[in-house]
Amino acid sequence: TACVIGKPIRIGGWDMLNRSPKPMYKAIPAGSVYYFRVLNKCSWKDILDYFHFKNISDVEREKGFGLSFVGIVKP
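Everything numeric in this text was worked out from a predicted model, so none of it was measured.

Draft legend 1. A look at the overall build of the chain. Of regular secondary structure, the chain possesses one helix and eight strands. Along the chain direction, N to C, the helices and strands of the chain fall in the order β-β-β-β-β-β-α-β-β. In terms of overall size, the chain is more extended than a compact globule, its C-alpha atoms giving a radius of gyration of 16 Å where 75 residues would be expected to give roughly 11 Å. Dimensions of the chain along its principal axes, counting C-alpha atoms only, are 50 × 25 × 15 Å. Going through the 75 residues of the chain one by one, you find that 8% of them count as buried. Sequence separation of at least 24 residues holds for 30% of the intrachain contacts in the chain that already meet a minimum separation of 6. Put simply, the chain shows about 6,900 Å² of open surface, and 60% of that area lies on carbon and sulfur atoms. For the chain, the distance from the average position of its 12 positive side-chain charges to the average position of its 6 negative side-chain charges is 8 Å.

Draft legend 2. Structural view of the environment of Phe-36. Tracing the chain through its elements places Phe-36 in the loop between β6 (33-35) and α1 (44-51). Taking the C-alpha atoms as reference points, Phe-36 and Cys-3, 33 residues apart in sequence, are found 8.8 Å from one another.

Draft legend 3. Highlighting the packing of aromatic side chains. Scanning the entire structure with this criterion turns up three aromatic pairs. Here the aromatic rings of Tyr-50 and Phe-51 are separated by 4.7 Å at their centres, their planes lie at 85°, and the arrangement is edge-to-face. For Phe-51, a relative accessible area of 33% puts it in the partly exposed group.

Calculation rules
- Residues numbered from 1 in each chain as written.
- Predicted model: local features only at pLDDT ≥ 70, side-chain atom pairs only at ≥ 80, totals over all residues.
- Heavy atoms only, no water.
- Helix = DSSP H or I, 4+ residues; strand = E, 2+ residues; numbered from the N terminus.
- Rg over C-alpha atoms; globule rule 2.2 N^0.38 Å.
- Buried < 20%, exposed > 50% of the residue type's maximum accessible area, 1.4 Å probe, protein only.
- Contact = heavy atoms within 4.5 Å.
- Areas by Shrake-Rupley, 256 points an atom, 1.4 Å probe, with all protein chains shown as cover.
- Lys, Arg positive; Asp, Glu negative; His and termini not counted.
- Charge placed at Lys NZ, Arg CZ, Asp CG, Glu CD.
- Phe/Tyr/Trp six-rings, centres within 6.5 Å; stacked < 30°, edge-to-face > 60°.

Next comes the structure, spelled out in structure tokens:
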């Protein structure tokens, strides 16, 4: 439905073992917020199980990237 995000940040580094730069990625900055509207009959428990306090990043999720929290917007 909507999102509140800042400018992308760059994530990279140096590979000490191979003495070469690691790939550089664009990432969404911390504190970004996405608003979704659930259109099907998905239960609140399913949404929490899949997204709440989970790392949903495709890259470096073991380092904490893509950590998501779920909440409800009350009208």
